[in-house]
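Breakdown of the fold
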Amino acid sequence: MSNQILIIENNLDQSKKYRLLLQAKGYCVTEVDTIKSAKAILKSSQVAVIILAIDLPDGCGIEFIKEIKQQHIDTQIVLFTNNNSINNAVCSIRYGALEYIIKGEDFSELIVSIERAMKIVLEKFNDSLRFTEIGGLRNFHSIIGESQTIQKVKFLGEKVAITNATVLLLGETGVGKDILAEAIHSGSSRSKHAFVAINCSAIGQEMLECELFGYKAGAFTGALKDKKGLFEEADMGTIFLDEIGDMDLLLQSKILRVLENKSFIKMGDTKTAKTDCRIIAATHVDLLDAVKKGKFREDLYYRISSFIINIPPLRERLSDIPKLSVFFVRKIAQRLHMPIPIITDPFMNSLINHNWPGNIRELTNVLEKAMILSTGSLTLDLLDFNEKENISSSLQVMEHRFINNILIDCMGNKRKAARKLGISIATLYKKIG
Ligand SMILES: Nc1ncnc2c1ncn2[C@@H]1O[C@H](COP(=O)(O)OP(=O)(O)OP(=O)(O)O)[C@@H](O)[C@H]1O
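Not measured: the values here are computed from a predicted model.

1. Structural notes on the overall build of the chain
What the chain contains, in helices and strands, is 18 helices and 18 strands. Looking at the chain as a whole, 33% of its 433 residues qualify as buried. Summarising the internal contacts of the chain: among those between residues at least 6 apart in sequence, 69% fall at separations of at least 24.

2. Some details on the sheet that holds strand 8 (residues 167-170)
Within the open sheet, the 5 strands sit side by side as 9-12-15-8-16. Their pairing is parallel. Looking at which strands have only one partner, the edges of the open sheet turn out to be strand 9 (195-199) and strand 16 (308-310). This sheet shows a mean twist of 20° between the axes of neighbouring strands, independent of strand direction. In terms of strand pairing, strand 9 meets strand 12 (residues 238-242) through 5 bridges, oriented parallel. In the strand pairing of strand 12, Asn199 is matched with Asp242.

3. Points about the nonpolar core
In terms of nonpolar packing, the biggest core is built from 58 residues, with Leu169, Leu180, Ile184, Phe231, Ile239, Ile280 and Ala281 touching the most fellow members. Per-element accounting of this core gives the leading share, 6 residues, to helix 15 (residues 359-373). Shared between two domains, this core takes at least three residues from each, and those domains are domain 2 (140-310) and domain 3 (315-432). Discounting residues that sit within four places of it in the chain, Leu180 has contacts with Ile143, Val153, Gly157, Leu169, Ile309 and Ile311. Formed by 31 residues, the second largest nonpolar core is a distinct cluster that contains Ala38, Val49, Ile65 and Ile68.

4. Comments concerning helix 13 (residues 321-336)
For an α-helix, the turn length of 3.6 residues means that residues three or four places apart are oriented alike. Relative to the 22 Å expected for 16 residues at 1.5 Å per residue, helix 13 spans 21 Å between its end C-alpha atoms, a close match to the ideal helical length. Every buried residue of helix 13 is listed here: Ile321, Ser325, Val326, Val329 and Ile332. The arc that holds every buried residue of helix 13, seen down its axis, measures 140°, which confines them to one face. Away from the buried face of helix 13 by more than 90 degrees, exposed residues Gln334 and Arg335 are located. Each element contacted by the buried residues of helix 13 is listed here: helix 3 (61-71), strand 17 (342-343), helix 14 (345-353) and helix 15. Positive backbone phi, at 55°, marks His337, one or two positions downstream of helix 13.

What counts and what doesn't
Residues numbered from 1 in each chain as written. Predicted model: local features only at pLDDT ≥ 70, side-chain atom pairs only at ≥ 80, totals over all residues. Helix = DSSP H or I, 4+ residues; strand = E, 2+ residues; numbered from the N terminus. Buried ≥ 20, exposed ≤ 12 C-beta atoms within 10 Å, placed from the backbone. Contact = placed C-beta atoms within 7 Å. Pairing = 2+ DSSP bridges. Axes fitted to C-alpha atoms, helices over the stretch in contact; angles between N-to-C directions. Core = buried A, V, L, I, M, F, W, Y, C linked by C-beta atoms within 7 Å. Domains from an automatic or database assignment. Expected span 1.5 Å × (residues − 1). Arc of directions from axis to C-beta.

So this is what it looks like as structure tokens:
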């Protein structure tokens, strides 16, 4: 982890004082006096904390914060200014600065801020280590979003993870059922063992049975040797059965047997085999309705539905879009080997105002397409929503968007947003879930 501090300040006397002070505290410090030189440093080295002045010869420090945060999300920024106007403070925090300090001869405030910033950098670094410790599997820190709705999802996931309970995840396609299942496994005592996932609607039922339970050599033409099934692979670990609602009744009875007796029979075998695996199931269909129509076993439904987590669609957590977008833009840029583009305000506003029928998967696709076509920044003309999918404009959705936009304007301050909307804070909480 880097402990490098970059000072961007064109008052050279002042910046020398900061440098000497911070060096005396053991930090590694670099000074520059323009945004251009700062960009060069940021490109070539890992900077933990930036001390940034507002008025720089080649641009405005506050505007530069946006750019820094898009490309170096974990770098912490402390804004330094002579001007103690509250507008600057609000803007800098909104754009992602950690703190705002008024310049003065008393340096103790600066030291406290730098220590706080370094602590945050260290915590983020430790989180990323925790993430890689369990073999690259995603955990609750990998689930981006701070909206009330996603926080509730994470809270429920973390609570159930440490138990051995079967979990049912409900939600539209692309909302993040897969990533949540992985996080629950990562947060459980089974995390050192396998996490296996299968989409039960993607393959034919016979093939699905082979995949789930495995087979003995000679079980059918072409079965030349024994094959392990996923239930065997997931022994001591977790199996994620995505789209369980699409499984046929015969296979459903076999899953019920695993849940009740921890046992199954491989295809072509006569003996029962044992497995100790936790089941996490997911579906986008209404399982109770499927039960009523005789398409889903009622006993299996009750067996898997003791702990349900409903993952809300993206249109019900629009305030998460800025963070999700910055995260995906960085990730996509890395995968496509391209520089990280700047997300312009009109582009971001359009993302926030879209309905997202394909949820987070649609968001990643829209961003990837725009990035491929972009030349350095993501502008409105690069946005290409699939209009066929963009059909829902119900009153409720419009209301949600409106509330979210006000919340963003008020920087997440719910009391202020409620006042602006002319509703009580309790009503606001009810509306944002
Ligand atoms: N909150 C989140 N933070 C970061 N990445 C997310 C989040 N939610 C979803 N993703 C990513 O978005 C993509 C789609 O999510 P995922 O595959 O988990 O959705 P799903 O609900 O399982 O979809 P489906 O029902 O079609 O299988 C994945 O790449 C996933 O990692």
